[in-house]
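Examining the three-dimensional arrangement
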Amino acid sequence: MSGIKEFEGKAVALDRANVDTDQIIPKQFLKRIEKTGFGRFLFYDWRYQAEGVLNEEFELNKPENQGATILIANENFGCGSSREHAPWALLDYGFKAVIAPSFADIFHQNCLKNGIVPIVLTEEEVGFLLAKGKENSFTLSIDLEKQSVTDHEGFSAQFPISQYWKAMLVNGWDEIEITLQLDDKISAFEQQRETALQI
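About the thresholds
- Residues numbered from 1 in each chain as written.
- Predicted model: local features only at pLDDT ≥ 70, side-chain atom pairs only at ≥ 80, totals over all residues.
- Heavy atoms only, no water.
- Pairing = 2+ DSSP bridges.
- Helix = DSSP H or I, 4+ residues; strand = E, 2+ residues; numbered from the N terminus.
- Axes fitted to C-alpha atoms, helices over the stretch in contact; angles between N-to-C directions.
- Phe/Tyr/Trp six-rings, centres within 6.5 Å; stacked < 30°, edge-to-face > 60°.
- Buried < 20%, exposed > 50% of the residue type's maximum accessible area, 1.4 Å probe, protein only.
- Lys NZ or Arg CZ within 6 Å of the ring centre and 35° of its normal.
- Core = buried A, V, L, I, M, F, W, Y, C linked by side-chain atoms within 4.5 Å.
- Contact = heavy atoms within 4.5 Å.
- Right-handed = clockwise from strand over helix to strand, strands pointing away.
- UniProt positions renumbered as here; feature names shortened; annotations may be inferred.
- Salt bridge = Lys/Arg side-chain N within 4 Å of Asp/Glu carboxyl O.
- Parallel < 35°, antiparallel > 145°, perpendicular 65-115°, else oblique.
- Left-handed = near helix turned anticlockwise from the far one by under 90°.
- Nonpolar A, V, L, I, M, F, W, Y, C, P; charged D, E, K, R; others polar.

1. A word on the sheet that holds strand 1 (residues 6–14)
Strand order in this open sheet of seven strands is 4-3-2-1-5-6-7, and the pairing throughout is mixed. Edge positions in the sheet fall to strand 4 (117–120) and strand 7 (156–158), since each of these pairs with one other strand and no more. Here the average twist between neighbouring strands, direction ignored, is 25°. Where strand 2 (residues 70–73) meets strand 3 (residues 97–100), three bridges bridge the pair, whose relative direction is parallel. Residue pairing in the sheet places isoleucine 72 in a bridge with isoleucine 99 of strand 3.

Below is the structure:
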């Protein structure tokens with residue numbers, strides 16, 4: 001993964017609570033064996049009407065929201081099943097961060113593991129951003145090192161993130177790369193173990 005320190009992007013508001021993973025990526029699209037290609041199925045039952053006709057009223061389909069990279073959602077986003085395909089679909093669509101008052105635990109963890117920044121803000125802060133997003137499109141700046149979300153009109157909020165996951169995202173590491181950083185120590189341990197068995 002590439003590292004994420006700070007970025008600015010267009011935000012889109014999805015003012016719906018308890019959005020579960022089957023709504024994020026419906027089960028009929030889980031047969032793919034790659035991590036890519038799920039973006040076109042994101043929120044499929046909301047984005048499309050019968051026979052695949054685009055639902056022009058859905059938030060992501062509106063012209064002013066095209067190219068959005070920051071999703072603002074409501075409480076308990078990502079609940080339901082533990083399918084990792086949900087963050088894969090969000091990432092493949094182009095989202096780099098999701099802002100909500102709360103997330104389902106497993107979904108939150110899956111976002112972090114796949115390079116999406118799940119940002120928890122207060123209900124008041126998220127409510128402000130959702131209301132702003134309903135009026136018109138706008139941009140937000142996310143600074144992972146400072147753990148801040150800002151806009152160009154004075155909005156500013158801080159968000160929590162563990163130091164472990166902060167380092168992982170900033171440096172673009174995954175859990176395999178973290179393990180490989182300990183390769184010398186692992187090799188030394190294996191050598192000591194092999195020597196001890198020979199005695």
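Structure's up, so let's keep going.
2. Observations regarding the packing of aromatic side chains
Tallied over the entire structure, the rule returns 14 aromatic pairs. Taking 5.4 Å as the distance between ring centres and 5° as the angle between the ring planes, the aromatic pair formed by phenylalanine 128 and phenylalanine 155 counts as stacked. With phenylalanine 128 in helix 5 (residues 123–135) and phenylalanine 155 in the loop between strand 6 (148–150) and strand 7, the pair connects residues that are 27 residues apart, well separated along the chain. Owing to a relative accessible area of 44%, phenylalanine 128 belongs among the partly exposed residues under this scheme. Phenylalanine 155 gets classed as buried once you look at its relative accessible area, which sits at 11%. An aromatic cluster is built from Phe29, Phe41, Tyr44 and Tyr48, whose rings are joined through pairwise contacts. The positively charged end of arginine 32 is found above the aromatic ring belonging to phenylalanine 38, 5.8 Å away from the centroid. A cation sits over an aromatic face here: lysine 96 above phenylalanine 7, 5.3 Å from the ring centre.

3. Some thoughts on the nonpolar core
The nonpolar side chains of soluble globular proteins are, as a tendency, buried together. Membership of the largest hydrophobic core comes to 30 residues, with the highest contact counts inside it found for Ile24, Phe43, Leu71, Phe77, Leu90 and Phe107. Sorting the residues of this core by element identifies strand 1, strand 2, helix 3 (85–93), strand 3 and helix 4 (105–113) as the ones contributing at least two each. Broken down by element, this core gets its largest block of residues, four residues, from helix 3. With residues near it in sequence (within four places) discarded, isoleucine 24 still touches Val19, Phe41, Leu42, Phe43, Phe77, Gly78, Ala86, Leu90 and Phe107.

4. Looking at the pairing of strand 2
Every regular strand shows the same layout, with side chains that alternate between the two sheet faces. The alternating pattern of strand 2 places Ile70 and Ile72 and Leu71 and Ala73 on opposite faces, both of which are buried. Looking at chain direction, strand 1 and strand 2 are connected through four bridges and run parallel. Counterpart to leucine 14 in the pairing with strand 2 is alanine 73. The β-α-β motif built from strand 2, the intervening helix 3 and the parallel element strand 3 has right-handed crossover chirality.

5. Examining the UniProt feature "domain: Aconitase A/isopropylmalate dehydratase small subunit swivel" (unreviewed entry) in the protein chain
Here, the residues flagged by UniProt with the feature "domain: Aconitase A/isopropylmalate dehydratase small subunit swivel" (unreviewed entry) are residues 3–123. Spanning residues 3–123, this segment combines 22% helix with 17% strand, and its end C-alpha atoms are found 28 Å apart.

6. Concerning the pattern of salt bridges
Tallied over the full model, the rule gives six salt bridges. Here lysine 132 ties to aspartate 151 by a salt bridge, and the two come within 2.5 Å at their closest N and O atoms. Highlighted residues: lysine 132 in helix 5 and aspartate 151 in the loop between strand 6 and strand 7, separated in sequence by 19 residues. The pair lysine 132 / aspartate 151 is uniform in exposure class, with both members buried.

7. Observations concerning the packing of helix 3 against helix 4
Axis separation between helix 3 and helix 4 bottoms out at 9 Å; the angle between their running directions is 50°. Here helix 3 lies oblique to helix 4, going by the angle between them. Here helix 3 runs over helix 4; the crossing is right-handed. On helix 4, the residues touching Ala86, Pro87 and Leu90 of helix 3 are Phe107, Asn110 and Cys111. Grouping the amino acids of the contact of helix 3 with helix 4 by side-chain chemistry returns five nonpolar, one polar and no charged.

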